[in-house]
Amino acid sequence: MGIDRQNSGLLEALKMERVRTILTHTYPYPHEHSRHAVIAVFIGCLFFISSDNMHTLIQKLDSNIKWWSMYACLLGFFYFFSSPFIGKTIKPSYSNFSRWYIAWILVAALYHLPSFQSMGVDMRMNLSLFLTIYISSILFLLVFHIVFIGLWYIGLVARVAGRRPAILTILQNCAVISVACCVFYSHCGNRANMREKIFERRYSGWFTLWNKEERNSWLAKFVRVNEFKDQVCKSWFAPVGSANDYPFLSKWVIYGELTCTGGSCAESPAEISPIYSLWATFIGLYMANYVVERSTGWALTHPVSQKESEKLKKKQMKPEFLDMVPWTSADLFKTVFDLLVSVTVFVGRFDMRMMQAAMSKVEDSAKQDDLLYGQFSERDELWFDFMADTGDGGNSSYSVARLLAQPSLKVQSNGSSIILPRSNLLLIGGDLAYPNPSAFTYERRLFRPFEYALQPPLWYKEEHIATNKPELPCGMSLLKEYNGPQCFLIPGNHGLFYWLGGWFMPQKKSYFALQLPKGWWVFGLDLALHCDIDVYQFKFFSELIEEKVGDCDSVIIMTHEPNWLLDWYWGDVTGKNVSHLIRDHLRGRCKLRVAGDLHHYMRHSHVPSEKPTYVQHLLVNGCGGAFLHPTHVFSNFDSLYGTSYESKAAYPSFEDSSRIALGNILKFRKKNWQFDFIGGIIYFVLAFSMFPQCKLDHILKDDTFSGHLRNFFGSAWDAFIYMLGRSYVSSAGAFILLVIAITFVPSKVSRKRKAIIGILHVSAHLSAALILMLLMELGVETCIRHKLLATSGYHTLYEWYRSVESEHFPDPSGLRPRIEQWTLGLYPACIKYLMSAFDVPEVMAVSRSNICKNGMDSLSRGGAVIYYASVFLYYWVFSTPVVSLIFGSYLYICINWLHIHFDEAFSSLRIANYKSFTRFHINLKGDLEVFTLAVDKVRNACISCKHCFVYLLLVATVDCLHNVKVPKEWKLDPSWEGESKLQPDHSHQRKFPSKWRSTSSQHDPVNTVKIVDQFTIERTVTPEFEPVNGSVLH
């Protein structure tokens, strides 16, 4: 028993479950996931390469800096293109497409360069052999799957076999098999080994290393890794035998290469090719594995205990949160178009608020019941929250909703811990779902995070969202009897919502008034698209102020956008009816204005003076879940209604906000890889007419580096002049881009400055497009001059392979002619055109040479399409990182130096951190205590920025600022799961109301929340304004 207990502890220490997870996977059938096979092939490739004498390889390196600089450029561009997809899978499968695309065109370019050949590696053979085995494997497995599905159809195999394999799975497995065969051929060849030699090696060579007589010299033999590689090739991967042992298969196998000794070659051996043996082994393993699992079922081949099955089920139970909205992707073009149509066509012609008033069939005296709510007015004290701009990223929205739902929050205030209970009332200041208010975005980005945080009651019915909204919660006769949390929202028509998670929503109109304890009021104004209240709202609120709001009462006005900041920023004046209501009707009783729309936290408080103060505090908190907005852009705001204000708090701080903008330079493409399609197309249109550049001899004639640069940029200028004078396509593209760039500059900038900014922006893009075009053309021209490209037509690789195939892969049985005859010539034709399609640089170089010699008219229309398509395949890779870098730099300069593009510059970063909400408390004395709570967890492994240099300094700075983390990984809360079995009537009665918690307790919002701002608004004792002869005095 003691031994068993000790072994059990050892297994726990070794984390065997983690080891099992690494060796297996989450997919139902292992043949559909070739990741581990790829790893195994990669490790084998490294072994075979490292087994050669490294000293010899170093001696073979080509010292010509021209080729190695070309290598550096190629690898650099390809790395930056694929960097957003390293280490993660992005859906839709653009990430997987990019990996295969990069592998294809990178290898197609590298194998033409001479340095691999100087190291003794002939990539032409590897590539041609890979493509041949790849096509053969695909065809063979497709036939196998068709036959197997046919057997299932007639009922000869199990029902589970009817699940059809994905084409991508077959392609991945065939690629792994082909790579493995090519790696073996590169280091072992296709030599036919005689039986006698194989028999002798079984008892000699490397394995004598373990004999007692020679065990002292094993280290010396280990150094000779090359000998071990020979033993692996000749013994471990030797052919399965002679074809004479398998008479039936003698005409259907590939034979090994002739063995030559002493200058003479033996007759054609009967030994099967080791390449064929390896391929047949892999194919047989795939087929056997597939047949066994599809026939007997997964449970028989991989039995799992009930305990492990439950653990696996819990691991798979994770919330399906959506990522932050990619605002710079092409997917939002439709959304922008819809918004433009709605704003342009319907604004001024249709207003939802007018429709609400027209549909109302009750009298004005009774209508106030739908707008005025007093269920909280008789309480001694009240807690209520304000948040805005939720419904973007699921992680950030749920983090805030989880904090709102907790029965209490323990935070630090002035060096001591205080406990803030959950609020009775939640106010949401608009912008509920991004990027558009569709049913899908409401469900996935708004309802689901809040339902996970605080579940609706058992009697909740989804159809109540659309029809027959109940007046009161189940079992209640009066609204004030309900002691659960309630919610009110602006703007828009939210009267159709019944429950937002566990928050009951009694609201029926898009605007409302709440009478709170101790003379406090909340006015929720619906500004709609006019940035102002309509006549119906003005009439309701003005009459309410005159009839019910006392002279010593205090009012909080809530709007969906802070027009005091936006009017100052844009130099505009909006909300005239709101201003009239505040200045001429409330007359100093408006103590606080709160709004969202700007996704940060800022508070401005009035500076005491002799001038009248209409509003004491201006508060913006739009950190409910949407992307972050900068604060430093609004740092100079200082006045409203003639009253001076000063900034009291900002989250993030002005300094941090300015530094966060640096992420546009470093991380724009990583965050906005969907921008590739737009940027690559734009650059190709700009450089389209300049391909090809046939006269580039003068660039390399000068012997000095400065001369090369001078000639290079001189050619770029000549290309620019050519584009303006003779290239209609590129000129039109540049003009359209200039118009778009000038229009893109915000309207607050003067026309002259807009033109200057637009011209500089387009000039940077145009210069980069021309420079990339010249670099690409110069590389192709260099390879052509050194006979590395355009040597023998479009099918160079195939013709070379056929000559090598006949030499190293003998075919005494005539297998290849028979296959060609039976496939009606498709067998060699498919491989021939596949090699041509793979060898994009050769196709591009041959077409380019024809154009330079005979002119563009010498190409047919199809030939021109093929040429420009081959150019685009490489130019797109070169241009996408550059266009993202330039556009990100443009946003950084604009946001930090010119203070424009604050929306575009920060929406592109898609920052899910810096989330907050504001909690209010009307205490027993009637004072309003204000606490702004934020999720602010800094990771421990933060690089010290002062110890970094240049680029590392920039990366470390941005990373340190981005370490204010919102959790991204959630797991089922066992406390919630245990409590849910008791099934209380209301989720707000639970001690653990939220379903998910962070996988790391250090990053859980409940444990990382802190106070970033705290102040108190005292209760009004005497009115500050009084009417005198119709005027207003302070």
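Predicted model, so just to flag it, every value in this text is computed and none were measured.

Chemist: Break down the pairing of strand β4 (residues 382-387) for me, with residues and values.
Modeler: In terms of residue burial, β4 counts as a mostly covered element, since 6 of its 6 residues are buried. In β4, alternate side chains face the same way, and those of Leu382, Phe384 and Phe386 on one face and Trp383, Asp385 and Met387 on the other are all buried. Pairing between β4 and strand β19 (residues 915-922): 5 bridges, direction antiparallel. Of the residues in β19, the one forming a bridge with Phe386 is Thr918. Pairing between β4 and strand β7 (residues 425-429): 4 bridges, direction parallel. Considered in β7, the bridge of Met387 is made with Ile428.

Chemist: Account for the pairing of β7, with residues named and values stated.
Modeler: For β7, the buried fraction is high: 5 of the 5 residues fall into the buried class. Alternating positions in β7 separate into two faces, Leu425, Leu427 and Gly429 on one and Leu426 and Ile428 on the other, with burial throughout. Relative to strand β8 (residues 486-490), β7 runs parallel, the two being bridged by 5 bridges. What sits directly across from Gly429, in β8, is Ile490.

Chemist: Please provide a residue-by-residue account of the state of the cysteines, values included.
Modeler: Chemically, a disulfide is nothing more than a covalent bond linking the sulfur atoms of two cysteines. The tally for this structure, following the rule as stated, stands at 1 disulfide. Two residues, Cys694 and Cys852, share a disulfide whose sulfurs are 2.0 Å apart. Where Cys694 bonds to Cys852 through sulfur, the torsion about that S-S bond is close to -85°, and the disulfide is left-handed. Note that Cys694 is positioned in the loop between α26 (676-687) and α27 (705-726) and Cys852 in helix α33 (residues 840-854), a separation of 158 residues in sequence. Classification of Cys694 by relative accessible area gives partly exposed; the value is 32%. A residue is classified by how much of its surface remains accessible, and Cys852, at 32% relative accessible area, is partly exposed. Looking at the unpaired Cys181, the closest cysteine sulfur is the one in Cys182, lying at 6.9 Å. Residue classification places Cys181 among the buried residues on the basis of a relative accessible area of 0%.

Chemist: Give me the lowdown on the pattern of salt bridges, citing residues and values where you can.
Modeler: Taken as a whole and assessed by the stated rule, the structure comprises 17 salt bridges. As a salt-bridge pair, Arg603 and Asp1013 come within 2.7 Å of each other at their nearest N and O atoms. Pair noted here: Arg603 is in strand β15 (residues 601-606) and Asp1013 is in strand β23 (residues 1009-1017), with a separation of 410 residues, a long-range link. One connected set of salt bridges, linked through shared partners, spans Glu777, Glu781, Arg785 and Arg848.

Definitions and cut-offs
Residues numbered from 1 in each chain as written. Predicted model: local features only at pLDDT ≥ 70, side-chain atom pairs only at ≥ 80, totals over all residues. Heavy atoms only, no water. Buried < 20%, exposed > 50% of the residue type's maximum accessible area, 1.4 Å probe, protein only. Helix = DSSP H or I, 4+ residues; strand = E, 2+ residues; numbered from the N terminus. Pairing = 2+ DSSP bridges. Disulfide = S-S within 2.5 Å. Salt bridge = Lys/Arg side-chain N within 4 Å of Asp/Glu carboxyl O.

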